[in-house]
Amino acid sequence: MAIRGEFSSRIGFVLAAAGSAVGLGNIWGFPTKVASNGGAAFVLVYLLLAFVLAYPVLMAELIIGRSSRSNMVDALGKISGNFIGRLTGIWGCVTVSLILAFYAIVGGWMLVYFADAAVSMVGLTSASDWLLTSSVTRNVIFCFLFMALTAFIVVGGVKSGIEKWSVRLMPTLVILILALIVYVSLQPGAVEGWSAYLVPDFSRVLDPDLLINAMGQAFFSMSLGVGTMLVYGSYLSKNENLPSIGASVALVDIGVAVIAGMLIIPAMYVALNNGVEIFTPEGALIQGDTLIFKVLPALFDTIGTVGLFVAFTFFALMAIAAVTSSISMLEVPVAFMVESKGLQRQPAVLLMASVIFILSCIIIFNFEALFGFVIALTTEYSQPLLGLALCIFAGWVWRRDAILDELKQGDEFAEHSIFWKIWPWYVRFVCPVIIALMFYRSVF
């Protein structure tokens with residue numbers, strides 16, 4: 001077997017792991033959930049749940065990954081000592097591949113709108129018209145381009161691919177968000193958006209729907225349950241303090257989600273001020289693909305020539321957010337093919353990227369029937385159940401002394417730390433119950 005890659009620096013790992021967590025959901029999902037669920041009250045509940053629910057599961061993945069120094073299938077196989085662990089790992093690889101299959105379609109749309117802003121700036125009207133007209137051909141071409149970009153980065157491996165590009169893309173993403181925040185905040189209507197985002201409605205803190213939304217956002221926004229953090233953890237140096245580095249990843253992920261809200265919600269109210277409808281017929285704020293592909297482009301159209309540059313910057317930001325997540329997803333099955341099946345990295349990347357692209361094409365050609373179905377199957381059903389399984393492996397199957405030995409690798413006093421006194425009990429009893437309740441509530 002080839003020598004495994006390893007992140008060369010702490011900041012490289014943190015930015016790569018946070019990049020995996022910072023996806024399109026953070027930028028278009030989190031802000032509107034905040035504004036629709038009590039403003040800053042939702043943010044406070046989300047921050048609390050991110051650390052009482054998502055952080056312990058994140059730590060389970062990182063500890064399993066670094067201890068096993070292997071992909072998800074082999075890691076869970078080693079812990080369980082039987083085929084159940086390996087089957088769970090294969091389940092995770094299949095799930096993350098299906099997630100990437102639909103994610104690549106959406107990532108392709110981001111490239112479409114980015115390209116549209118570019119051609120519009122140079123006056124290529126016919127090219128713009130083709131780009132903005134939804135078609136199977138357009139979707140397949142840009143899905144292919146998105147997967148090719150993802151594969152190009154992953155072929156480079158951990159240090160020369162994932163880490164190298166993460167330390168470039170993540171700071172760029174934050175700079176673009178901050179620049180757009182400044183611009184949008186100076187526009188008429190932005191104050192109302194800031195108010196909707198930051199003024200808390202504490203009467204809604206105990207609202208069951210708010211709590212479920214916050215728990216779901218906290219869990220899914222950190223890219224948990226499908227092995228991305230486990231595989232990234234397997235590339236982490238034994239000298240790193242795991243609880244500390246896990247907290248750093250969680251803080252960066254939360255921070256980007258919060259500043260994304262500072263951009264999206266004021267932008268929506270600027271759009272409202274410019275005559276763009278931002279509410280659904282039921283009175284809720286528009287979110288998801290309608291927000292990104294209709295409301296905000298309509299806003300960019302209302303601000304003239306400057307709008308082309310704002311649109312170009314915004315969709316560059318969205319494309320970066322998509323790629324930083326997609327590279328971590330592709331790495332999960334690639335690591336399995338390299339380590340368990342003996343493939344070289346380049347053929348493994350080409351094989352898995354091709355398989356996932358074919359799955360994307362099947363979804364594109366059967367869009368109405370499959371797109372929503374695959375999203376629900378993976379994110380609403382499979383992902384939380386995998387998170388539950390990882391808690392069971394870390395809390396009930398894996399030996400406590402082996403876990404402590406792994407934590408001592410980066411902190412010789414780990415057994416005296418608050419983390420060690422709380423986490424094993426917490427991941428064994430509390431996390432599985434919360435995840436099970438969240439799953440039941442969201443499904444039934």
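Just so it is clear, the structure is predicted and the values come from calculations on it, not from any experiment.

Here is what the cut-offs are and how they apply
Residues numbered from 1 in each chain as written. Predicted model: local features only at pLDDT ≥ 70, side-chain atom pairs only at ≥ 80, totals over all residues. Heavy atoms only, no water. Helix = DSSP H or I, 4+ residues; strand = E, 2+ residues; numbered from the N terminus. Rg over C-alpha atoms; globule rule 2.2 N^0.38 Å. Buried < 20%, exposed > 50% of the residue type's maximum accessible area, 1.4 Å probe, protein only. Contact = heavy atoms within 4.5 Å. Core = buried A, V, L, I, M, F, W, Y, C linked by side-chain atoms within 4.5 Å. Expected span 1.5 Å × (residues − 1). Bend = angle between axes of the 7 residues up to and from the residue. Patch = residues over 30% accessible without salt bridge, like charges linked within 9 Å, V, L, I, M, F, W, Y side chains within 5 Å. Areas by Shrake-Rupley, 256 points an atom, 1.4 Å probe, with all protein chains shown as cover. Salt bridge = Lys/Arg side-chain N within 4 Å of Asp/Glu carboxyl O. Polar contact = N/O pair within 3.5 Å; in protein donor to acceptor, adjacent residues only side chain to side chain. Phe/Tyr/Trp six-rings, centres within 6.5 Å; stacked < 30°, edge-to-face > 60°. Lys NZ or Arg CZ within 6 Å of the ring centre and 35° of its normal. Axes fitted to C-alpha atoms, helices over the stretch in contact; angles between N-to-C directions. Left-handed = near helix turned anticlockwise from the far one by under 90°. Nonpolar A, V, L, I, M, F, W, Y, C, P; charged D, E, K, R; others polar. Parallel < 35°, antiparallel > 145°, perpendicular 65-115°, else oblique.

Peer 1: So what's going on with the overall build of the protein? Residues and values would help.
Peer 2: A tally of helices and strands in the protein yields 18 helices and zero strands. A globule of 444 residues ought to have a C-alpha radius of gyration of about 22 Å, and the protein, at 21 Å, matches this closely. Judged by the C-alpha coordinates and their principal axes, the protein covers about 65 × 50 × 40 Å. Of all 444 residues assigned to the protein, the portion counted as buried reaches 57%. Considering only contacts within the protein whose residues lie at least 6 apart along the sequence, 81% involve residues at least 24 apart.

Peer 1: I'd love a proper account of the nonpolar core, names of residues and values included.
Peer 2: Grouped together as the largest cluster of nonpolar side chains are 172 residues, with contacts concentrated most on Phe-13, Met-110, Ile-292, Phe-314 and Leu-330. With 21 residues, helix α14 (residues 304–340) is the largest single contributor of residues to this core. In this structure, Phe-13 is in contact with Phe-7, Leu-62, Tyr-232, Gly-233, Leu-236, Ile-245 and Val-249, ignoring residues within four places of it in sequence.

Peer 1: For helix α2 (residues 24–36), give the residues involved together with the corresponding values.
Peer 2: For α2, spanning 13 residues, the distance from its first C-alpha to its last is 18 Å, which sits close to the expected 18 Å at 1.5 Å a residue. Remark: the principal bend of α2, roughly 25°, maps to Phe-30, with a proline, Pro-31, within the next four residues. Buried within α2 are the following residues: Leu-24, Asn-26, Ile-27, Trp-28, Gly-29, Phe-30, Pro-31, Thr-32 and Val-34. Once α2 ends, the next one or two residues include Gly-38, with phi positive near 90°.

Peer 1: Could you give an account of a nonpolar patch on the surface, naming the residues involved and the relevant values?
Peer 2: Judged by side-chain polarity, Ile-392, Trp-396, Val-397, Ile-418, Ile-422, Trp-425 and Phe-429 come together as a nonpolar surface patch covering roughly 710 Å² of accessible area. Counting only elements with at least two residues in the nonpolar patch, the list comes to α16 (367–397) and α18 (418–443). By the element assignment, Val-397 lies in helix α16.

Peer 1: Pulling in residues and values, what's your account of unusual backbone geometry?
Peer 2: Phi angles above zero are rare outside glycine, and Arg-69 is one such case at about 50°. Here Arg-69 lies in the loop between α3 (40–68) and α4 (72–80).

Peer 1: Summarise the pattern of salt bridges; cite the residues concerned and give the values.
Peer 2: A complete count under the given rule lists nine salt bridges for this structure. Lys-238 is the salt-bridge partner of Glu-406, the closest N and O atoms lying 2.8 Å from each other. Residue Glu-406 is found in helix α17 (residues 400–408), and its partner Lys-238 is found in the loop between α11 (228–234) and α12 (242–273); the two are separated by 168 residues along the sequence. Owing to a relative accessible area of 4%, Glu-406 belongs among the buried residues under this scheme. Assessed through its relative accessible area of 24%, Lys-238 is described here as partly exposed. Arg-345 serves as the salt-bridge partner of Glu-331, at 2.8 Å between the closest nitrogen and oxygen. With a gap of 14 residues between them, Glu-331 in helix α14 and Arg-345 in helix α15 (residues 345–365) connect regions that are remote in the sequence. Residues participating in the shared-partner salt-bridge network are Arg-66, Lys-238 and Glu-406.

Peer 1: Would you mind going over the environment of Ala-115 in detail, with residue names and values included?
Peer 2: Within the secondary structure, Ala-115 is located in helix α5 (residues 83–121). Beyond its immediate stretch of four places on either side in the chain, Ala-115 contacts Leu-131 and Phe-142.

Peer 1: Could you give an account of the side chain of Ser-328, with specific residues and numbers?
Peer 2: Following the sequence through the fold, Ser-328 ends up in helix α14. A polar contact of 2.8 Å, which involves the side chain of Ser-328, links it to the side chain of Ser-20. When sequence neighbours within four positions are dropped, the list of residues in contact with Ser-328 reads Ser-20, Thr-228 and Tyr-232.

Peer 1: Before we move on, could you go through the packing of aromatic side chains and cite the residues and values that matter?
Peer 2: Each pair of aromatic rings is reported with the distance of its centres and the angle of its planes. Throughout the structure, instances matching the rule amount to 26 aromatic pairs. Geometrically, the ring pair formed by Phe-152 and Trp-165 is edge-to-face, given 6.4 Å between the ring centres and 65° between the ring planes. Taken together, the positions of Phe-152 in helix α7 (residues 136–155) and Trp-165 in helix α8 (residues 157–185) put the pair 13 residues apart, joining distant regions of the chain. Taken together, the ring pairs in this structure connect Phe-102, Trp-109, Tyr-113, Phe-293, Phe-300, Phe-314, Phe-315, Phe-367 and Phe-371 into an aromatic cluster. Looking at Arg-168, its charged tip hangs above the ring of Trp-165, at a distance of 5.2 Å from the centre. The side chain of Arg-428 reaches across the aromatic face of Trp-396, ending 4.3 Å from its centre.

Peer 1: So what about the packing of α7 against α14? Which residues, and what values?
Peer 2: One can describe the packing of α7 onto α14 by two numbers: an axis separation of 9 Å at closest approach and a directional angle of 65°. Read as a crossing pair, α7 and α14 show a hand that is right-handed. When α7 is examined against α14, the residues Phe-146, Leu-149, Thr-150, Ala-151, Ile-153 and Val-154 are found in contact with a partner set consisting of Ala-322, Val-323, Ser-326, Ile-327, Leu-330, Glu-331 and Val-334. Its residues placed into classes, the contact of α7 with α14 shows ten nonpolar, two polar and one charged.

Peer 1: Could you give me a rundown of α12, with the residues and numbers involved?
Peer 2: Spanning 32 residues, α12 covers 47 Å between terminal C-alpha atoms, matching the ideal 46 Å at 1.5 Å per step. Where burial is concerned, most of α12 is hidden: 24 out of the 32 residues are buried. Of the residues that open α12, the one with a side-chain oxygen 3.1 Å from the backbone nitrogen of Ser-244 is Asn-241.

Peer 1: Provide a residue-level description of the packing of α12 against helix α13 (residues 288–302), including the pertinent values.
Peer 2: Two elements in contact, α12 and α13, have axes whose closest approach is 9 Å; the angle formed by their N-to-C orientations is 55°. When the axis of α12 is compared with that of α13, the two are oblique. Between α12 and α13 lies a crossing of left-handed hand. Residue-level contacts link Ile-264, Ala-267, Met-268, Val-270 and Ala-271 of α12 to Leu-291, Val-295, Leu-296 and Leu-299 of α13. Residue classes in the contact of α12 with α13 are distributed as nine nonpolar, no polar and no charged.

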